[in-house]
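Geometric and topological summary
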Amino acid sequence: MATSERYPIGTPGQPWGEAEVAEWRSRQQRKRSYREDVLERVEDLRERFDVEQYGQLDYGPDTYPLFVLKGRGWNEELPCVLVTGGVHGYETSGVHGTLLFAERHAADYVGKVNVMIVPCVSPWGYERIHRWNPLALDPNRSFRADSPAPESAALMGLVEPLRDRFAVHIDLHETTDTDESEFRPALAARDGVEFVPGEIPDGFYVVGDTADPQPEFQQAIIRAVSKVTHIAPADEKGEIIGSPMVAPGVINYALRELGLCAGITGARYRSTTEVYPDSPRATPEQCNEAQVVAARAAIDYALRYQAGT
Ligand SMILES: [Zn+2]
């Protein structure tokens, strides 16, 4: 079977057990520092945000405190906005874009909305440049009740008391070449199914919610980001990564059913960004900028809509 040729752990056709997960985990190496790249920047932002720890991941010997930045001027009368990054730790511009958004635009929304920024939901994965947590679970399929992924459970715990007060949630991601070369084959091997090759779209796109797609909101994000980096075209089937493209650069997923992060609030406006950092036409700076612009466009759209009603 293709699985045995494509992925070196496990027995083709059989889902992984504890031994295979342990073998996989033993191969993951720490390649960068959450403390240096994220926590030091969060520390510097304490002057401009109320920084609160909302959880801690204990993956002995490593421990990872989890932080949320809350904008100043928090007002119970105002709607909340959630910007999340690093749900997939390897998706670098999600983390750095979230931090840049905080650094550059902290003051923009004071008195308009309550901004909550979670820069790195999955720090173990950030350090190892991996999609999964150490339990070989994808946090972004694990946003459900009694989640087995501590990263997802912690974020849901943070959001739950405010769940119905969010106007916007934008979750910043990337689609990368390693999705096809490593993470999809690993997923097929883990689940004991055959790996079916797919395509990686070249460019930025967003994922709305099938249950409430908000097409004008999604397209407002695409329009804003198209000034910074190119938008992914559909493939010859009219799809982006296997889903019909419903507008330029827009596809929809059933966010809640799939346990995706962008489904955790009751926000009317919710979207997942997908930056493509491996494009020969996109620099890391452009990718970070695309995330910042997407977050701003999402919030600005919601503010305009509210002002107009
Ligand atoms: Zn992702």
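Scroll up to find the structure this text is about.
So, here is what we can say about the structure in this document. All figures in this text were calculated on a predicted structure; none of them were measured in a lab. (Residues numbered from 1 in each chain as written. Predicted model: local features only at pLDDT ≥ 70, side-chain atom pairs only at ≥ 80, totals over all residues. Heavy atoms only, no water.)

When helices and strands are tallied, the protein chain shows nine helices and ten strands. At 19 Å, the protein chain has a C-alpha radius of gyration in line with the 19 Å of a compact globule built from 309 residues. Principal-axis analysis of the C-alpha atoms places the extent of the protein chain at approximately 55 × 50 × 35 Å. Here the protein chain holds 309 residues, and the buried ones make up 56% of them. Within the protein chain, contacts between residues separated by at least 24 positions form 74% of all contacts whose residues are at least 6 apart in sequence. Of the roughly 13,000 Å² of accessible surface on the protein chain, 49% is carried by carbon and sulfur atoms. Charged side chains of the protein chain number 31 positive and 47 negative; the gap between the two group centres comes to 4 Å. (Helix = DSSP H or I, 4+ residues; strand = E, 2+ residues; numbered from the N terminus. Rg over C-alpha atoms; globule rule 2.2 N^0.38 Å. Buried < 20%, exposed > 50% of the residue type's maximum accessible area, 1.4 Å probe, protein only. Contact = heavy atoms within 4.5 Å. Areas by Shrake-Rupley, 256 points an atom, 1.4 Å probe, with all protein chains shown as cover. Lys, Arg positive; Asp, Glu negative; His and termini not counted. Charge placed at Lys NZ, Arg CZ, Asp CG, Glu CD.)

Geometrically, a metal with four donors at the corners of a regular tetrahedron has ideal angles of 109.5 degrees, and one with six donors at the corners of a regular octahedron has ideal angles of 90 or 180 degrees. Donor atoms from the polypeptide that coordinate the zinc ion comprise His88 (ND1), Glu91 (OE), Glu91 (OE) and His173 (ND1), at 2.0 to 2.3 Å from the metal. One chain supplies every donor to the zinc ion, and in sequence these donors are spaced H-x2-E-x81-H. Here histidine 173 lies in strand β5 (residues 166-174) and histidine 88 lies in the loop between β3 (80-85) and α4 (92-105), a separation of 85 residues in the sequence. According to the relative accessible area criterion, histidine 88 is buried, its value standing at 3%. For histidine 173, a relative accessible area of 1% translates into the label buried. (Donors = N, O, S within 2.8 Å, 3.2 Å for Na, K, Ca; no water.)

Below, the discussion takes up the nonpolar core. By size, the foremost hydrophobic cluster in this structure holds 84 residues, and its most contacted members are Trp16, Tyr54, Val83, Phe101, Leu155, Phe204 and Ile221. Here this core gets eleven residues from one element, more than from any other, and that element is helix α9 (residues 284-307). Filtering out sequence-adjacent residues up to four positions away, phenylalanine 101 remains in contact with Val83, Ala106, Tyr109, Val115, Ile117, Val292, Ala295, Arg296 and Ile299. Counting residues in each nonpolar core, the second largest holds nine residues, with Tyr205, Ile251, Leu255 and Ala262 among its members. (Core = buried A, V, L, I, M, F, W, Y, C linked by side-chain atoms within 4.5 Å.)

Let us now look at the state of the cysteines. Inspection of the entire model under this criterion finds zero disulfides. Here cysteine 80 stays free of any disulfide, with the sulfur of cysteine 261 as its closest cysteine sulfur at 15 Å. The class of cysteine 80 is buried, set by a relative accessible area of 0%. Free of any disulfide, cysteine 261 has its nearest neighbouring cysteine sulfur in cysteine 120, separated by 12 Å. Using a relative accessible area of 0% as the deciding quantity, one classes cysteine 261 as buried. (Disulfide = S-S within 2.5 Å.)

Attention shifts here to a negative patch on the surface. Together, Glu36, Glu40, Asp44 and Glu47 make up a region of like negative charge exposed at the surface. By the secondary structure assignment, glutamate 47 is in the loop between α3 (34-44) and β1 (49-59). (Patch = residues over 30% accessible without salt bridge, like charges linked within 9 Å, V, L, I, M, F, W, Y side chains within 5 Å. Salt bridge = Lys/Arg side-chain N within 4 Å of Asp/Glu carboxyl O.)

What follows concerns the packing of aromatic side chains. Enumeration according to the criterion identifies eleven aromatic pairs in this entry. On the basis of an interplanar angle of 75° and a centroid distance of 5.8 Å, the ring pair of tyrosine 269 and tyrosine 305 is categorised as edge-to-face. Here tyrosine 305 lies in helix α9 and tyrosine 269 lies in strand β10 (residues 269-275), a separation of 36 residues in the sequence. Residue classification places tyrosine 269 among the buried residues on the basis of a relative accessible area of 4%. The exposure class assigned to tyrosine 305 is partly exposed, which follows from its relative accessible area of 33%. Feature note: the residues Tyr7, Trp16, Trp24, Trp124 and Trp132 constitute an aromatic cluster, connected by ring pairs. (Phe/Tyr/Trp six-rings, centres within 6.5 Å; stacked < 30°, edge-to-face > 60°.)

This brings us to the layout of surface pockets. Estimates place the volume of the largest pocket at around 810 Å³. Lining the largest pocket are 38 residues, with Arg131, Arg141, Arg184, Ile241 and Tyr253 sitting closest to its centre. Listed by contribution, the elements that provide at least two residues to the lining of the largest pocket are β5, α7 (177-191), β6 (205-209) and β10. Take the lining of the largest pocket: its biggest share by element is seven residues, from α7. (1 Å grid on protein atoms, 1.4 Å probe; cavity = no way out; pocket = protein on both sides within 12 Å on 5 of 7 lines; lining within 4 Å. Points joined across faces, edges and corners; volume = space filled by probe spheres on them.)

All right, on to the sheet that holds strand β9 (residues 250-253) then. The strands making up a sheet associate through hydrogen bonds between their backbones, and the pairing can be parallel or antiparallel. Reading across from one edge, β1-β2-β4-β3-β5-β10-β6-β9 is the order of the eight strands in this open sheet, with mixed pairing throughout. Bordering the open sheet on either side are β1 and β9, each of which pairs with just one other strand. For this sheet, the mean angle separating the axes of adjacent strands, direction not counted, is 20°. Examined bridge by bridge, β6 and β10 share three bridges and lie antiparallel to one another. From the neighbouring strand, tyrosine 205 faces β10, where its bridge partner is glutamate 274. Of the strands in this sheet, β1, β2 (62-71), β3, β4 (114-118), β5 and β10 touch α4, which is tilted by about 135° from β5. (Pairing = 2+ DSSP bridges. Axes fitted to C-alpha atoms, helices over the stretch in contact; angles between N-to-C directions.)

This brings us to the pairing of β9. A regular strand places its side chains so that they alternate between the two faces of the sheet. Burial along β9 is two-sided: Val250 and Asn252 and Ile251 and Tyr253, pointing in opposite directions, are all buried. Bridge count between β6 and β9: four bridges; the pairing is parallel. For valine 207, the partnering residue across the bridge sits in β9 and is isoleucine 251.

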